[in-house]
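# Architecture at a glance
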Amino acid sequence: MAALSGLKLVYFDLRARGEPIRLALAAGGVQWEDVRIPMDKWKEEKKKTPFGQLPYIEYKGKHYSQSVAIVNFVGKELGLHGKTNLESLRVDETIGLSTDLLNAIFRAKFDSKSRKEDAEESFPPEVKKLRTNVEANPRVKSYLASRKSVPF
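Presented here is a report on the structure given in the accompanying data block. Predicted model only: the values in this text are computed from it and were never measured.

On to unusual backbone geometry. The omega angle of the peptide bond from leucine 54 to proline 55 is 0°, so this bond is cis rather than trans. By secondary structure assignment, the location of proline 55 is in the loop between helix 2 (42-46) and strand 3 (56-59). Phi is positive for phenylalanine 51, which is not a glycine, with a value near 65°. If you trace the backbone, phenylalanine 51 turns up in the loop between helix 2 and strand 3. When its relative accessible area of 67% is taken as the criterion, phenylalanine 51 is described as exposed.

If you check which residues of helix 3 (residues 67-77) are buried, you get Ser67, Ile70, Val71, Asn72, Val74 and Gly75. Glycine 79 lies just past helix 3 and shows a positive phi near 75°.

Turning next to the nonpolar core. Counting residues in each nonpolar core, the largest one holds 15 residues, and the members touching the most others are Leu4, Leu7, Ile21, Leu25, Ile57 and Val74. Counting only elements with at least two residues in this core, the list comes to helix 1 (19-27), strand 3, helix 3 and helix 4 (85-110).

It is worth spelling out the environment of isoleucine 70 at this point. Examined against the element boundaries, isoleucine 70 turns out to sit in helix 3. With a relative accessible area of 2%, isoleucine 70 lands in the buried category. Setting aside anything within four residues of it in sequence, one finds isoleucine 70 in contact with Ile21, Pro55, Tyr56, Ile57, Tyr64 and Ser65.

All right, on to the sheet that holds strand 4 (residues 62-65) then. What the four strands build is an open sheet, ordered 2-1-3-4; its pairing is mixed. Edge positions in the sheet fall to strand 2 (33-37) and strand 4, since each of these pairs with one other strand and no more. Between one strand and the next, the sheet's axes are offset by a mean angle of 25°, whatever the strand orientation. Across five bridges, the pairing between strand 1 (residues 8-12) and strand 2 is parallel. Residue pairing in the sheet places lysine 8 in a bridge with glutamate 33 of strand 2. Packing against the sheet, helix 1 makes contact with strand 1 and strand 2, and its axis sits at approximately 150° to strand 1.

Quick look at the pattern of salt bridges now. Opposite charge on two side chains makes pairing possible when the charged atoms of those side chains draw close. Enumeration over the complete set of coordinates arrives at seven salt bridges. In this structure, the salt-bridge partner of aspartate 34 is arginine 22, at a minimum N-O distance of 3.2 Å. One end of the pair, aspartate 34, is in strand 2; the other, arginine 22, is in helix 1, with 12 residues separating them in the sequence. Salt-bridge contacts for aspartate 34 lead to arginine 36; the nearest nitrogen and oxygen are separated by 2.9 Å. Judged by relative accessible area, aspartate 34 falls into the partly exposed class, the value being 29%. Salt bridges sharing partners connect three or more residues here, namely Asp13, Glu19, Arg22, Asp34 and Arg36.

The rules behind the values
- Residues numbered from 1 in each chain as written.
- Predicted model: local features only at pLDDT ≥ 70, side-chain atom pairs only at ≥ 80, totals over all residues.
- Heavy atoms only, no water.
- Helix = DSSP H or I, 4+ residues; strand = E, 2+ residues; numbered from the N terminus.
- Buried < 20%, exposed > 50% of the residue type's maximum accessible area, 1.4 Å probe, protein only.
- Core = buried A, V, L, I, M, F, W, Y, C linked by side-chain atoms within 4.5 Å.
- Contact = heavy atoms within 4.5 Å.
- Pairing = 2+ DSSP bridges.
- Axes fitted to C-alpha atoms, helices over the stretch in contact; angles between N-to-C directions.
- Salt bridge = Lys/Arg side-chain N within 4 Å of Asp/Glu carboxyl O.

Below you can see the structure in the form of structure tokens.
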């Protein structure tokens, strides 16, 4: 049986917090069911989700939630999370920086004016931190360089 066979990812029809999970599944060569919830169906679908949030995965008959926990699980199952604890630390560091960047984008797009100004000021430093981290991690840099394009 292939790793993670039968996995179903449920998220909005957006990239955002679901995309790192999709990228990890694609990098691992996994066939998965990609269920995309339209915004107009969210109110009724919310009741079916663990913790009332997306994304979640359905795997072996159970639901699991929290985007970072899911991407870490997928990475570990597929051997993408590092061969040593130190490599895993680097992976977790990159995931954390990516999450910080995504949060800055969300603040800039959706929050009140004062929070947007804070986000706009923090956005460039978050990009710089992420780039520095990627450049310092040869495996991540090599993987990204091997891609024709990385969809964001």
